[in-house]
Amino acid sequence: MYLKKLEIYGFKSFADKIEIDFKKGITGIVGPNGSGKSNIIDAVRWVLGEQSAKTLRGSKMEDVIFNGTSHRRPLGMAEVSLSFDNSDKLLPIDYSEVTITRRIYRSGESEYLINKTPCRLKDIKELLMDTGIGIDGYSLIGQGQIDSILSSKTEDRRQIFEEAAGIVKYKARKAEAEKKLENTYQNIVRINDIIGELE
Ligand code: ATP
């Protein structure tokens, strides 16, 4: 699996649609200060489901929509799509190319899609779990993050190894099952109370 293409429209400084085709190997993005290099990485973080406007260097999520310049009107929506070559089927989905899309409108409404089919953020997170690509993965290392990885708590470092070892999805499923068990236990307690009152 490898990153094939990034398409950005209306996101931050990219008022016009841009497409970046990644070839196998290393790709470097260079440009003058303020030309939008970090905005490209923000776009990748955002399409993968980033929920923190602060992490994307804004104060609210709508700040990611192109907000106009002296000679160009603001846009009403932003859209980012990230495509992976999945011919090795590393992503657990029956497609040899997978495109994840996120849209946001000025109303605050937002949408996620996998291969043009609307889905939940949860579906995207599950798809990328244990691949190292999700926003909690280790594939996106921001400025200054190496220091924090080296000096962060042992539990935080363990999370990186767990993602690399491919056990995050099992931990997530265990947590979900435990939550269901707890809810079921609470329901049993409530039913027993009702039975007790009726007897
Ligand atoms: P540096 O090399 O200094 O880190 P950079 O190439 O990484 O710069 P970015 O930080 O990606 O540059 O881009 C900053 C530019 O993006 C600024 O000019 C800012 O005005 C513009 N920008 C950010 N958000 C928006 C938005 N919502 N609408 C329009 N422009 C935006």
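Residues numbered from 1 in each chain as written. Predicted model: local features only at pLDDT ≥ 70, side-chain atom pairs only at ≥ 80, totals over all residues.

1. Some words on the overall build of the chain
Then, number 1: The helix and strand inventory of the chain stands at five helices and six strands.
Then, number 2: What you see for the chain is a C-alpha radius of gyration of 21 Å, clearly larger than the 16 Å of a compact globule of 199 residues, by over 25%.
Then, number 3: The C-alpha extent of the chain, read off along each of the three principal axes, is 75 × 40 × 40 Å.
Then, number 4: The 199 residues of the chain split such that 17% are buried.
Then, number 5: Intrachain contacts of the chain at a sequence separation of at least 6 include 52% that bridge at least 24 residues. (Helix = DSSP H or I, 4+ residues; strand = E, 2+ residues; numbered from the N terminus. Rg over C-alpha atoms; globule rule 2.2 N^0.38 Å. Buried ≥ 20, exposed ≤ 12 C-beta atoms within 10 Å, placed from the backbone. Contact = placed C-beta atoms within 7 Å.)

2. So, the pairing of strand 1 (residues 2–9)
Then, number 1: The pairing of strand 1 with strand 3 (residues 77–85) spans seven bridges and is antiparallel. Bridging across to strand 3, tyrosine 9 finds its partner in glutamate 79. (Pairing = 2+ DSSP bridges.)

3. Here's the deal with the UniProt feature "binding site: ATP" (unreviewed entry) in the chain
Then, number 1: Taken from the UniProt record, the annotation "binding site: ATP" (unreviewed entry) applies to Pro32, Asn33, Gly34, Ser35, Gly36, Lys37, Ser38 and Asn39.
Then, number 2: Mapped onto the secondary structure, glycine 36 falls in the loop between strand 2 (18–21) and helix 1 (37–47).
Then, number 3: Glycine 36 sits in the partly exposed class, given 18 other C-beta atoms within 10 Å. (UniProt positions renumbered as here; feature names shortened; annotations may be inferred.)

4. Quick notes on the sheet that holds strand 3
Then, number 1: Spatial strand order, 2-1-3-4-5-6: six strands in an open sheet with antiparallel pairing. Of all the strands in the sheet, the pair left with one neighbour each is strand 2 and strand 6 (117–119). The sheet shows a mean angle of 20° between the axes of neighbouring strands, taken without regard to direction.
Then, number 2: Summarising the sheet, strand 4 (residues 97–105) and strand 5 (residues 110–114) pair through five bridges and their orientation is antiparallel. Note on strand 5: the bridge partner recorded for isoleucine 104 is serine 110.
Then, number 3: Packing against the sheet, helix 1 makes contact with strand 1, strand 3 and strand 4, and its axis sits at approximately 80° to strand 3.
Then, number 4: Sheet strands in contact with helix 2 (residues 121–128) are strand 4, strand 5 and strand 6, and its direction is about 40° off that of strand 5. (Axes fitted to C-alpha atoms, helices over the stretch in contact; angles between N-to-C directions.)

5. A closer look at helix 1
Then, number 1: The complete set of buried residues in helix 1 reads Ile40, Asp42, Ala43, Trp46 and Val47. Projected onto a plane normal to the axis of helix 1, the buried residues spread over an arc of 160° and lie on a single side.
Then, number 2: At its buried positions, helix 1 is contacted by strand 1, strand 3 and strand 4.
Then, number 3: A positive phi of about 115° marks glycine 49, the residue just after helix 1. (Arc of directions from axis to C-beta.)

6. As for the site of the ligand
Then, number 1: The ligand sits among 14 residues. The nearest are Ser13, Asn33, Lys37, Ser38 and Asn39.
Then, number 2: Partitioned by chemical class, the residues of the shell around the ligand number two nonpolar, nine polar and three charged. (Near = placed C-beta within 6 Å. Nonpolar A, V, L, I, M, F, W, Y, C, P; charged D, E, K, R; others polar.)

7. Remarks on the environment of glycine 36
Then, number 1: For glycine 36 and phenylalanine 14, which are 22 residues apart along the polypeptide, the C-alpha to C-alpha distance reads 8.1 Å.
Then, number 2: Setting aside its immediate chain neighbours within four residues, glycine 36 contacts Lys12, Ser13, Phe14 and Gly31.

8. Description of the nonpolar core
Grouped burial of nonpolar side chains is what soluble globular proteins tend to show.
Then, number 1: Counting 23 residues, the largest nonpolar core has Phe11, Ala43, Trp46, Val47, Val64, Ala78 and Val80 as its most contacted members.
Then, number 2: Of all elements in the fold, only helix 1, strand 3, strand 4 and helix 2 reach the threshold of two or more residues within this core.
Then, number 3: Sequence-distant contacts of valine 47, defined by excluding residues within four places in its chain, comprise Val80, Ser81, Leu82, Ile100, Thr101 and Arg102. (Core = buried A, V, L, I, M, F, W, Y, C linked by C-beta atoms within 7 Å.)

9. Examining unusual backbone geometry
Then, number 1: Despite not being glycine, arginine 57 shows a phi value in the positive range, around 65°.
Then, number 2: Mapped onto the elements, arginine 57 comes out in the loop between helix 1 and strand 3.

10. Re the pairing of strand 4
The side chains of a regular strand alternate between the sheet's two faces.
Then, number 1: Alignment of strand 3 against strand 4, held across nine bridges, turns out to be antiparallel. Residue serine 81 lies in a different strand from strand 4, and its bridge partner there is threonine 101.

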